[in-house]
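Report on the structure
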Amino acid sequence: MSEKIFHFHLECPYGNKSTLVCNLVDGNIKYSFYSGTASSGTPLALSNMQIGYKYHSSLPVDNKNKLTKQEFTDRVRFIINNDSVKRVINEVETEVTFG
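As a starting point, this report considers the structure included with it. (Residues numbered from 1 in each chain as written. Predicted model: local features only at pLDDT ≥ 70, side-chain atom pairs only at ≥ 80, totals over all residues. Heavy atoms only, no water.)

**Digging into the overall build of the chain**
Assigned secondary structure in the chain consists of one helix and four strands. In sequence order, the secondary structure elements of the chain are arranged as β-β-β-α-β. Projected onto its principal axes, the C-alpha positions of the chain cover 40 × 30 × 20 Å. Taking all 99 residues of the chain together, 31% fall into the buried category. Long-range contacts, defined as pairs at least 24 residues apart, comprise 47% of the intrachain contacts of the chain with a sequence gap of at least 6. Accessible surface, the chain: about 6400 Å² in total, of which carbon and sulfur atoms supply 50%. In the chain, the 11 positive side-chain charges and the 10 negative ones have mean positions that sit 6 Å from each other. (Helix = DSSP H or I, 4+ residues; strand = E, 2+ residues; numbered from the N terminus. Buried < 20%, exposed > 50% of the residue type's maximum accessible area, 1.4 Å probe, protein only. Contact = heavy atoms within 4.5 Å. Areas by Shrake-Rupley, 256 points an atom, 1.4 Å probe, with all protein chains shown as cover. Lys, Arg positive; Asp, Glu negative; His and termini not counted. Charge placed at Lys NZ, Arg CZ, Asp CG, Glu CD.)

**Focus on unusual backbone geometry**
A positive phi angle, close to 50 degrees, is found at D26, a residue other than glycine. The residue D26 is located in the loop between β2 (17-25) and β3 (28-35) in this model. Judged by its relative accessible area of 59%, D26 falls in the exposed class.

**What to know about the environment of S58**
Residue placement: S58 occurs in the loop between β3 and α1 (69-83). Linking S58 and F33, residues 25 residues apart in sequence, is a C-alpha distance of 15 Å. What S58 contacts, discounting residues up to four positions off in sequence, is I51 and I79.

**A word on the sheet that holds β2**
Across the sheet, which stays open at both edges, the four strands sit in the order β3-β2-β1-β4 with antiparallel pairing between neighbours. Either end of the sheet is taken by a strand with one partner, and the two such strands are β3 and β4 (87-91). Sheet twist, expressed as the mean angle between neighbouring strand axes with direction ignored, is 30 degrees. Where α1 meets the sheet, it contacts β1 (2-11), β2, β3 and β4, and its direction lies at approximately 25 degrees from that of β1. (Pairing = 2+ DSSP bridges. Axes fitted to C-alpha atoms, helices over the stretch in contact; angles between N-to-C directions.)

**Considerations on the environment of E91**
Checked against the element boundaries, E91 lands in strand β4. On the accessibility criterion, E91 (34% relative accessible area) is partly exposed. Each C-alpha atom, one on E91 and one on L20, is 9.7 Å from the other, the two residues being 71 residues apart in sequence. Beyond its immediate sequence surroundings of up to four residues, E91 is in contact with F6, H7, F8, T73 and R77. At a separation of 2.3 Å, a polar atom in the side chain of E91 contacts the side chain of R77. (Polar contact = N/O pair within 3.5 Å; in protein donor to acceptor, adjacent residues only side chain to side chain.)

**Some thoughts on the pattern of salt bridges**
As a working rule, side chains carrying opposite charge can pair if their charged atoms are close by. Applying the stated criterion to the full structure yields five salt bridges. E3 is the partner of K69 in a salt bridge, and the nearest nitrogen-oxygen pair spans 3.6 Å. In this pair, K69 is assigned in helix α1 and E3 in strand β1, connecting sequence segments 66 residues apart. By relative accessible area, which is 36% here, K69 ends up partly exposed. Linking R77 and E91 is a salt bridge whose minimum nitrogen-to-oxygen distance equals 2.3 Å. Pair noted here: R77 is in helix α1 and E91 is in strand β4, with a separation of 14 residues, a long-range link. (Salt bridge = Lys/Arg side-chain N within 4 Å of Asp/Glu carboxyl O.)

Encoded structure:
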């Protein structure tokens, strides 16, 4: 079973865009990071975000603190915006409703 936690569009200081998607898959947190803002972008290593170069942060790989989905999303957004070479420029809506 898979549940999307968040879907961010990111940008580096040079204007290059990328996408980070986080899913909960069978109880495990999985990240997909790729260039551009379409799913056809080139896959990238998470290390390309250079998270932790200022304050030694790292992307959460668990939820031991029992954060809500929104709290977890906010935590990752904070880490990216404050301790990486990227910044979040858009959060793609993850809920789809049919009328």
